[in-house]
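# Residue-level structure breakdown
What follows is the residue order along each chain.
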2 protein chains.
Amino acid sequence: MANYTKTTIGNEGRTELHDKLALTGAEVSINQLPAGAGVPFVHSHKNNEEIYGIIAGEGKAVIDGEETLLTAGDWLRVAPAAKRQFSASANSGITYICIQVKENSLDGFTADDAVMD
Amino acid sequence: MANYTKTTIGNEGRTELHDKLALTGAEVSINQLPAGAGVPFVHSHKNNEEIYGIIAGEGKAVIDGEETLLTAGDWLRVAPAAKRQFSASANSGITYICIQVKENSLDGFTADDAVMD
């Protein structure tokens, strides 16, 4: 495979990077919801943990019936089986990254996986 | 494990989320380099692919000797063995996310892994 791949995202409501970048260890999406909008369904996962990072704006997540308010700088791990639904606040849109990875797939990382040249 | 974990990042130069969020499938870091600064070493990985997303500012990456300019909205996959080094531009800092995942660890995702409730 190529030593690297690169793409530039625009102002789309949702951009999925797996196919654009030929990812093999994650799906990554960048999502924008306008004020007052929300993902129109509740979902969970079979095998994948999801990591959400709020890049801009405000909103909330409802996870297994528990509501948590979200603002830029917030990051969450959501367990595969948890039932989740994200929405923007009434007065602000929200931009967030969602990283989907297989639960328990990471072995070593950083100091245990890096090679210094 | 908990159905979800949450943290809020501040204005640190580098924040690592693996331990803060009890991640099991990735390490995620949020990194800020001030104008003129760069990561002071070149590195590669044994087993992990890295996914970089530029959140703000400008800079460059040198990957296996090839320079690519970076600006907000750029996303890259870097293969494990590629030798990489990131830096901010002379006139602008850069803020980027780095996602570290085990190469070839993802099986199904999105429609193949999600369960609608």
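Definitions and limits used
Residues numbered from 1 in each chain as written. Chains lettered and ligands numbered in written order. Predicted model: local features only at pLDDT ≥ 70, side-chain atom pairs only at ≥ 80, totals over all residues. Heavy atoms only, no water. Phe/Tyr/Trp six-rings, centres within 6.5 Å; stacked < 30°, edge-to-face > 60°. Helix = DSSP H or I, 4+ residues; strand = E, 2+ residues; numbered from the N terminus. Buried < 20%, exposed > 50% of the residue type's maximum accessible area, 1.4 Å probe, protein only. UniProt positions renumbered as here; feature names shortened; annotations may be inferred. Contact = heavy atoms within 4.5 Å. Buried area = accessible area lost by both parts, 1.4 Å probe. Salt bridge = Lys/Arg side-chain N within 4 Å of Asp/Glu carboxyl O. Least-squares fit on C-alpha atoms with pLDDT ≥ 70 in both. Disulfide = S-S within 2.5 Å.

Now for the packing of aromatic side chains. Residues and elements named next belong to chain A. The full count for this structure, using the stated rule, is 6 aromatic pairs over all chains. For the pair Phe-86 and Tyr-96, a centre-to-centre distance of 5.5 Å together with 20° between the ring planes defines the contact as stacked. With Phe-86 in strand 8 (residues 84-88) and Tyr-96 in strand 9 (residues 94-102), this residue pair connects regions lying 10 residues apart in the sequence. For the residue pair Phe-86 and Tyr-96, the accessibility class agrees, reading buried in each case. By way of ring pairs, the aromatic residues Tyr-52, Phe-86 and Tyr-96 are connected into one cluster.

Right, let's get into the UniProt feature "domain: Cupin type-2" (unreviewed entry) in chain A. Under the UniProt annotation, the feature "domain: Cupin type-2" (unreviewed entry) is placed at residues 33-94 of chain A. End C-alpha atoms of residues 33-94 of chain A are separated by 5 Å, and the span's content is 0% helix alongside 60% strand.

Moving on to unusual backbone geometry. Peptide bonds are mostly trans, and most non-glycine residues show a negative phi. Residue and element names in this part refer to chain A. Notably, Asn-104 is not glycine yet its phi reads approximately 65°, a positive angle. Mapped onto the elements of the fold, Asn-104 is located in the loop between strand 9 and strand 10 (114-116). Given the relative accessible area of 54%, Asn-104 is considered exposed.

The subject of this paragraph is the interface of chain B and chain A. The interface is formed by 66 residues belonging to chain B together with 66 residues belonging to chain A. Buried area between chain B and chain A, summed over both chains or domains, comes out near 5,700 Å², and the portion from carbon and sulfur atoms is 53%. It is Tyr-4, Trp-75 and Arg-77 of chain B in chain B that bury the most area against chain A; as a group they hold 14% of the surface buried on that side. For the pair chain B and chain A, the interface holds 4 salt bridges. A salt bridge links Asp-107 of chain A to Lys-102 of chain B; its shortest N-O distance comes to 2.6 Å.

We now examine the relation of the copies chain B and chain A. In screw terms, the move from chain B to chain A is a rotation of 180° and a rise of 0.0 Å along the axis, fitting with an RMSD of 0.0 Å. Here the symmetry operator amounts to a two-fold rotation axis. It is Ser-105 of chain B whose C-alpha, among those of chain B, lies nearest the rotation axis, at 3.1 Å. Interface overlap between copies is the fraction of interface residues in one copy that are interface residues in the other; for chain B against chain A it reaches 100%, indicating a shared surface.

Turning our eyes to something else, we now look at the state of the cysteines. Counted according to the given criterion, the structure contains 0 disulfides over all chains. Cysteine Cys-98 of chain B remains unbridged, with the sulfur of Cys-98 of chain A as its closest cysteine sulfur at 17 Å.

Applying the stated criterion to the full structure yields 14 salt bridges over all chains. Where Lys-6 of chain A meets Asp-74 of chain B, a salt bridge forms, and the shortest distance between an N and an O atom there is 3.8 Å. In this pair, Lys-6 of chain A sits in strand 1 (residues 4-8) while Asp-74 of chain B sits in strand 7 (residues 74-78), so the two residues belong to two different chains. The class for Lys-6 of chain A is partly exposed, based on a relative accessible area of 33%.

To continue, consider the environment of Thr-71 of chain B. Structurally, Thr-71 of chain B is set in strand 6 (residues 66-71). The contact partners of Thr-71 of chain B, leaving out residues within four places of it in the chain, are Ile-54, Gly-57 and Glu-58 of chain B.

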